[in-house]
Amino acid sequence: QVQLVESGGGLVQAGGSLRLSCAASGRTFSRYAMGWFRQAPGKEREFVATIAWSGGITYHANSVKGRFTISRDIANNTVYLQMNSLKPEDTAVYYCAAEPVANSRIVHTRQDDYDYWGQGTQVTVST
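Scope of this entry: the structure provided in the associated data block. (Residues numbered from 1 in each chain as written. Predicted model: local features only at pLDDT ≥ 70, side-chain atom pairs only at ≥ 80, totals over all residues. Heavy atoms only, no water.)

Within the chain, the secondary structure is distributed over zero helices and eleven strands. Along the chain, from the amino end to the carboxyl end, the secondary structure elements read β-β-β-β-β-β-β-β-β-β-β. Since a compact globule built from 127 residues should have a radius of gyration of about 14 Å, the 14 Å found for the chain is in line with a globular shape. Considering only C-alpha atoms, the chain reaches an extent of 45 × 25 × 25 Å along its principal axes. Within the chain, the fraction of its 127 residues that count as buried is 42%. Counting contacts in the chain only where the partners sit at least 6 residues apart, residues at least 24 apart contribute 61% of the total. For the chain, the exposed surface amounts to about 6,500 Å²; the carbon and sulfur share of it is 45%. Taken as two groups, the 12 positive and 10 negative side-chain charges of the chain have centres that lie 6 Å from each other. (Helix = DSSP H or I, 4+ residues; strand = E, 2+ residues; numbered from the N terminus. Rg over C-alpha atoms; globule rule 2.2 N^0.38 Å. Buried < 20%, exposed > 50% of the residue type's maximum accessible area, 1.4 Å probe, protein only. Contact = heavy atoms within 4.5 Å. Areas by Shrake-Rupley, 256 points an atom, 1.4 Å probe, with all protein chains shown as cover. Lys, Arg positive; Asp, Glu negative; His and termini not counted. Charge placed at Lys NZ, Arg CZ, Asp CG, Glu CD.)

Take a look at the structure:
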C-alpha cells in the first residue's frame, strides 16, 4: 500500500499562487497514476489534474487549464500542483490520489478509479 500526505495549502489573495505537494510513502516501487481533486463547500468532489507514471502525459480540467500545472518527481516520491492566478472559486479542500497502473502512460480523471487518497489540504482564496 501507499500513504499520501498533502501540504502547501493556505490562505491567499485572488490572483496569487500556491504550490501543493503530495508526498508518497510505503510501497512506492510500483507504477502509479496520480491525480488531484478538490471539493468546495456544498459541492461534489471534482477532478483537477492527473499525471502518468512517466510524467510526460498530463491532463487538466478545463476550469484550471492554463492556470494550474501538475508535475511529478518520482525520485522524491512527490507530485505537485502549481496553482497560479487563483480565483475565489478555487477555494476547496484539495486531495491527492494514487492508482496502480499496468503501464506508465495511463492517466485517470474519475475519482472511482483511484484506490489511495490523502487527507486533503485546505486552499482558501480571498477577494
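Bringing the packing of aromatic side chains into the picture now. Pairs of aromatic rings are described using the distance from one ring centre to the other and the angle between the two planes. Inspection of the entire model under this criterion finds six aromatic pairs. Measuring from ring centre to ring centre gives 5.2 Å for Phe-37 and Trp-117, while their planes differ by 50°; the resulting arrangement is tilted. Placement of the pair is Phe-37 in strand E4 (residues 32-39) and Trp-117 in strand E10 (residues 116-117), with a sequence separation of 80 residues. The rings of Phe-37, Phe-47, Tyr-59, Tyr-114 and Trp-117 are connected pair by pair, giving a single aromatic cluster. In this structure, Arg-45 is placed above the aromatic ring of Trp-117, and the distance from its NZ or CZ to the ring centre is 4.9 Å. (Phe/Tyr/Trp six-rings, centres within 6.5 Å; stacked < 30°, edge-to-face > 60°. Lys NZ or Arg CZ within 6 Å of the ring centre and 35° of its normal.)

This part is about the sheet that holds strand E1 (residues 2-7). Read from one edge to the other, the open sheet built from four strands follows the order E1-E3-E8-E7, with strand pairing classed as antiparallel. In this open sheet, the two edge strands, each paired with only one partner strand, are E1 and strand E7 (68-73). The average undirected angle you get between the axes of adjacent strands in this sheet is 15°. By the bridge criterion, six bridges tie E1 to strand E3 (residues 18-26) in an arrangement that is antiparallel. (Pairing = 2+ DSSP bridges. Axes fitted to C-alpha atoms, helices over the stretch in contact; angles between N-to-C directions.)

It is worth spelling out the environment of Glu-46 at this point. With respect to the secondary-structure elements, Glu-46 resides in strand E5 (residues 46-51). Given the relative accessible area of 34%, Glu-46 is considered partly exposed. Taking the C-alpha atoms as reference points, Glu-46 and Asp-115, separated by 69 residues in sequence, lie 16 Å from one another. Residues within four places of Glu-46 in sequence aside, it is in contact with Phe-37 and Arg-38. There is a polar contact of 2.6 Å between the side chain of Glu-46 and the side chain of Arg-38. (Polar contact = N/O pair within 3.5 Å; in protein donor to acceptor, adjacent residues only side chain to side chain.)

Moving on to the side chain of His-108. One can find His-108 in the loop between strand E9 (92-100) and E10. For His-108, the side chain forms a polar contact with the side chain of Asp-113, separated by 3.5 Å. Residue contacts for His-108: discarding those within four places in its chain leaves Ala-33, Phe-47, Thr-50, Glu-99, Val-101, Asp-113 and Tyr-114.

What follows covers the nonpolar core. Counting 32 residues, the largest nonpolar core has Met-34, Trp-36, Leu-81, Met-83 and Tyr-94 as its most contacted members. Among the elements of the structure, E1, E3, E4, E5, E7, strand E8 (78-83), E9 and strand E11 (121-126) are those that each provide at least two residues to this core. Element by element, the count of residues in this core is highest for E9, at five residues. (Core = buried A, V, L, I, M, F, W, Y, C linked by side-chain atoms within 4.5 Å.)

A complete count under the given rule lists one cavity of 30 Å³ or more for this structure. By volume, the largest cavity is sized at about 120 Å³. Lining the largest cavity are 14 residues, and of these Ala-24, Met-34, Trp-53, Arg-72 and Asn-77 sit closest to its centre. Contributing elements (two or more residues each) for the lining of the largest cavity: E1, E4, E7 and E8. Per-class residue counts for the lining of the largest cavity are nine nonpolar, three polar and two charged. (1 Å grid on protein atoms, 1.4 Å probe; cavity = no way out; pocket = protein on both sides within 12 Å on 5 of 7 lines; lining within 4 Å. Points joined across faces, edges and corners; volume = space filled by probe spheres on them. Nonpolar A, V, L, I, M, F, W, Y, C, P; charged D, E, K, R; others polar.)

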